[in-house]
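# Residue-level structure breakdown
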Amino acid sequence: MLIDSTATQPSITASSAPNNATVWSVDAIEALFDLPFNDLLWRAQTVHRAHFDANAVQLSTLLSVKTGGCPEDCGYCPQSVRHPTAVANQALLSQEEVLKAARAAKAAGASRFCMGAAWRSPKERDLDAVIDMIIGVRALGLETCATLGMLKPAQADRLKNAGLDYYNHNLDSAPEFYGDIISTRQYQDRLDTLKAVRNSGMHVCCGGIVGMGETRRMRAGLLHELANLNPAPESVPINLLVQVEGTPLHGTAALDLFEFIRTIACARITMPESRVRLSAGRESLSDEHQALCFLAGANSIFYGEQLLTTGNPDVERDRQLFQRLGLHSE
Ligand code: SAM
Ligand code: DTB
Ligand code: SF4
């Protein structure tokens, strides 16, 4: 006998807040994670199709504009000055170096160019230089994104006025796990920066990392925080920890990749209108795993051979994958 298990499951739904915002509890998100894999993917794909072209994937290219030597102690990050990694420090690039990379990204087909800096927070003169980069990249016809660490409201306003389209600042983990990973800044600091970005009128890019030794409930807790930012971030990068030698998290037990795909599906269901980005860690995924991530509702990737300091699939491999899957870029 064939049984439709979706018909026998208790319904898992979000409730509505007085201002009509959708509210997802950690319990409800954990219940999504607990669904049979096929039911979860079916549900995610249904939500995905109601909001997006199911075969379109947005392409963002990353460039590290200032590398290494960061005073923060994020346990996953090869750029922290506190971790003995092989990353070579690089001072802030010139505008011309950045524009050269942006032109190449555009020629390869990227629609957004993301500039990352290993800072706790930018100084005013750093911001002056990054603003010149933003103006130049935008003039090439690319969307712009930057991730520069914590921002004060006036700094967010300056970036918005310079034309920055997106600011990336991740929550990284559930609140209760955060202190195990980072001690030099608090969860509330991150929420404050996100508020400054939102209030400035820029689009918010905010996600996290899985595979850091967290529990399923903590993965649900991270998505709970993201989905309830109200409004949810426009762009949600889901990173699979890239284990770099010398970082405290090197050697963490690898996450079951089905659990990674479940995380993407739960992000899609709880943030139906957001771009969910299959982010760091893609180089270690097979084509088949990536196809399941797209089926689960991922509709954005980092595109180009390099993330910030670690590798990413090369452009040719991605072109072939898109062709085999009938995907097109946006
Ligand atoms: N310094 C700024 C900050 O922390 O906000 C901007 C750059 S920082 C490298 C941007 C994000 O990259 C981090 O918040 C984290 O989510 C992600 N990241 C860094 N190292 C990673 C790793 N080894 N694996 C997966 N994601 C990583
Ligand atoms: C995000 O969520 N992932 C990107 C981007 N935002 C800045 C960074 C991934 C970094 C992976 C490790 C590295 O290359 O240094
Ligand atoms: Fe510094 Fe950002 Fe790396 Fe943390 S994630 S150590 S803040 S570069």
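Here's what I pulled together on the structure shown here. Since the structure is predicted, the reported quantities are computational estimates derived from the model, not experimental observations.

Time to look at the site of ligand 3. As a structural note, the neighbourhood of ligand 3 is formed by Cys-70, Glu-72, Cys-74, Tyr-76, Cys-77, Ser-80, Ala-118 and Arg-185. Its residues assigned to classes, the shell around ligand 3 shows five nonpolar, one polar and two charged.

Let us now look at the site of ligand 2. Around ligand 2, the surrounding shell consists of Leu-62, Pro-78, Thr-147, Asn-168, Asn-170, Pro-237, Asn-239, Phe-302, Leu-307, Leu-308, Thr-309 and Thr-310. One of the side-chain nitrogen or oxygen atoms of Asn-168 is found 3.3 Å away from a nitrogen atom of ligand 2. Contact between ligand 2 and Thr-310: an oxygen atom at 2.8 Å from a side-chain N or O atom of the residue. Protein chains bury 87% of the 410 Å² of accessible surface belonging to ligand 2 in isolation. Tallied by class, residues from the shell around ligand 2 come to six nonpolar, six polar and no charged.

Turning our attention to the environment of Ile-301. Residue position: Ile-301 is located in strand β11 (residues 300-302). Since its relative accessible area comes to 0%, Ile-301 is described here as buried. Taking the C-alpha atoms as reference, Ile-301 lies 25 Å from Trp-24; in sequence the two are 277 residues apart. For Ile-301, the contacting residues outside a window of four places in its chain are Val-57, Gln-58, Leu-59, Ser-60, Arg-277, Leu-278, Arg-282, Phe-294, Asp-318 and Phe-322.

Quick look at helix α5 (residues 124-139) now. Between the first and last C-alpha of α5 there are 23 Å, a value that for 16 residues agrees with the 22 Å anticipated at 1.5 Å per step. Taken residue by residue, α5 has Asp-126, Leu-127, Val-130, Ile-131, Met-133, Ile-134, Gly-136 and Val-137 as its buried positions. Residues of α5 that are buried sit in contact with β3 (56-66), α4 (95-108), β4 (112-117), β5 (143-147) and α6 (153-162). Looking one or two residues beyond α5, the residue adopting positive phi is Gly-141, at roughly 90°.

This structure, assessed with the given rule, holds three aromatic pairs. On the numbers, 5.3 Å between centres and 85° between planes, the contact of Tyr-178 with Tyr-187 is edge-to-face. Exposure class is identical for Tyr-178 and Tyr-187. Each is buried. Ring centres 6.2 Å apart and planes at 85° place the aromatic pair Phe-294 and Phe-322 in the edge-to-face group. You can see Phe-294 sitting in helix α11 (residues 287-295) and its partner Phe-322 sitting in helix α12 (residues 315-325), a full 28 residues away along the chain. Each member of the pair, Phe-294 together with Phe-322, is buried. A cation over a ring is seen here: Arg-112 above Tyr-166, with NZ or CZ 3.7 Å from the ring centre. Sitting above the plane of the Phe-302 ring, Arg-277 keeps its charged end 4.9 Å from the centroid.

Ranked by internal contacts, the top residues of the largest apolar core, which has 94 residues, are Tyr-76, Leu-159 and Phe-260. The leading source of residues in this core is helix α10 (residues 257-270), at seven residues. In contact with Tyr-76, other than residues within four places in its own chain, are Asp-172, Ile-181, Ile-182, Arg-190, Ile-209, Met-212, Leu-241, Val-242, Thr-247 and Leu-249. Counting seven residues, the second-largest nonpolar core is a separate cluster that includes Cys-114, Tyr-166, Ala-280 and Phe-302.

One can find Gln-45 in helix α3 (residues 37-51). Exposure remark for Gln-45: the relative accessible area of 12% places this residue in the buried category. Residues Gln-45 and Ile-269 lie 224 residues apart in sequence; the distance between their C-alpha atoms is 8.6 Å. Sequence-distant contacts of Gln-45, that is, excluding residues within four places in its chain, are made with Ala-54, Phe-294 and Leu-295.

This part is about helix α9 (residues 216-227). Taking 1.5 Å per residue as the helical rise, α9 with its twelve residues ought to reach 16 Å, and the 16 Å between its terminal C-alpha atoms agrees with that figure. On its buried side, α9 packs onto α2 (26-33), α7 (175-181), β8 (208-210), β9 (235-240) and α10.

So, how was this worked out
- Residues numbered from 1 in each chain as written.
- Chains lettered and ligands numbered in written order.
- Predicted model: local features only at pLDDT ≥ 70, side-chain atom pairs only at ≥ 80, totals over all residues.
- Heavy atoms only, no water.
- Near = heavy atom within 4 Å.
- Nonpolar A, V, L, I, M, F, W, Y, C, P; charged D, E, K, R; others polar.
- Polar contact = N/O pair within 3.5 Å; in protein donor to acceptor, adjacent residues only side chain to side chain.
- Areas by Shrake-Rupley, 256 points an atom, 1.4 Å probe, with all protein chains shown as cover.
- Helix = DSSP H or I, 4+ residues; strand = E, 2+ residues; numbered from the N terminus.
- Buried < 20%, exposed > 50% of the residue type's maximum accessible area, 1.4 Å probe, protein only.
- Contact = heavy atoms within 4.5 Å.
- Expected span 1.5 Å × (residues − 1).
- Phe/Tyr/Trp six-rings, centres within 6.5 Å; stacked < 30°, edge-to-face > 60°.
- Lys NZ or Arg CZ within 6 Å of the ring centre and 35° of its normal.
- Core = buried A, V, L, I, M, F, W, Y, C linked by side-chain atoms within 4.5 Å.

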